[in-house]
Each structure stands twice: as structure tokens, then as C-alpha cells.
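# Overview (structure and organization)
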Amino acid sequence: MSKTTIGIDPGTKTTGWCVLRDGRYHASGVITAKGTKLGKRLAQIRDGLQAVLSQYLPSAVVVEDVPKCKSMETYYSIGNAAGVILLTCEDYHILVEKVAVQTWKSAFLGKGNASKPEVHAMAETIEPGLSDERDAKGIHKDQDRADAIGIIVGWSAMEGTR
């Protein structure tokens, strides 16, 4: 029987996810939540995550711990998304591990302060299908997916050294 783990980068507009099977890349994607009401977006995240969990049946989920944010609004928003993810995984009786941003970046790239473009470039070596399109702020449109790849690959690398 194969071991399946999923890495998740929480967000209230886009939540990235990546599946490893027996330590190898299997699939990745995003859950997109639309609308202005936070409750509706959180419900969309829950529904999307339920679909991912039902399809891949992981034994564990690794979620990026809520990082220090420049604004309380961002911190609150990411915290809400992370809470929905934790609750949904609990409903499915799935073990949840949290990993700090600096920790997974260090394991994935060798430095805990890696930039978003550096994470994206490394994730592209694993999933060449990542979009190179950028939004108005210059951030890759697939950044949440790239982060999810980094989260689970970095966590898996750390697990292998324990």
C-alpha cells in the first residue's frame, strides 16, 4: 500500500495543494474561492479540500503554519483558512502536521528566507506545468501551488532525515 501525503498552502482566495505518493510528486492544484463574503469563501475551501481528500486519501496533511504577516487582516484571513483546513482534516480523521515557512523553505531550497520567485523556480523543476504568468503585483499566478509543492517536498525531506 502506498503512503500518500498532501501539502497545503492556506489562503482565503487561493489554497494550493500538492500530493506525494511514496515520496514522489503525484499531483498538485489550487482551490479557488470566489466572492466577497469570507464565510462563503471558507465554505468553498472546505468543499474543494473535501474533494481532494476524497480523491487522494492521504495518511497525513502538512499545512504551512500561519506566518507573521505585515497586516493583521492578512494574518486573520490565513488563520481562518488554516482553521477550515484543520477542521476538514479532523472530519476525515487525517493526521495534520504544521510546518513553519522558514523550515520548509530551508529544507526545500537550503535557505529559510527564499523568495517567491526562488520557490517557484524550484517547484518548476518538479512540476514543469506551473504557469509563468504573473499578476499585477508581479507574483506568479501559480505561486500557491508552487508553495504547496515546496511545503510537502521540504517536509518529506525533513522526515527522511529523522
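Residues numbered from 1 in each chain as written. Predicted model: local features only at pLDDT ≥ 70, side-chain atom pairs only at ≥ 80, totals over all residues. Heavy atoms only, no water.

### Some details on the nonpolar core
In terms of nonpolar packing, the biggest core is built from 20 residues, with I6, I8, W17 and V61 touching the most fellow members. Setting aside chain neighbours within four positions, we find I6 in contact with W17, C18, V19, V52, L53, Y56, P58, A60, V61, V62 and I152. Judged by nonpolar contacts, the second largest core, of 18 residues, contains V99, W104, A123 and W155. (Core = buried A, V, L, I, M, F, W, Y, C linked by side-chain atoms within 4.5 Å. Buried < 20%, exposed > 50% of the residue type's maximum accessible area, 1.4 Å probe, protein only. Contact = heavy atoms within 4.5 Å.)

### Looking at the environment of V62
You can see V62 is positioned in strand β4 (residues 60–64). Its relative accessible area of 0% is what places V62 among the buried residues. The spatial distance from the C-alpha of V62 to the C-alpha of R24 is 15 Å, given a sequence separation of 38 residues. What V62 contacts, discounting residues up to four positions off in sequence, is I6, G7, I8, E97, V99, I151, I152 and W155. (Helix = DSSP H or I, 4+ residues; strand = E, 2+ residues; numbered from the N terminus.)

### Structural notes on the sheet that holds strand β3 (residues 24–32)
The strand order across the open sheet formed by 5 strands is β3-β2-β1-β4-β5, and the pairing between neighbours is mixed. Each end of this open sheet is capped by a strand with a single partner; those strands are β3 and β5 (95–99). The sheet shows a mean angle of 20° between the axes of neighbouring strands, taken without regard to direction. Most of the contacts of helix α1 (residues 38–56) go to β3, to which it runs at about 160°, and overall it touches β1 (4–9), β2 (14–21), β3 and β4. (Pairing = 2+ DSSP bridges. Axes fitted to C-alpha atoms, helices over the stretch in contact; angles between N-to-C directions.)

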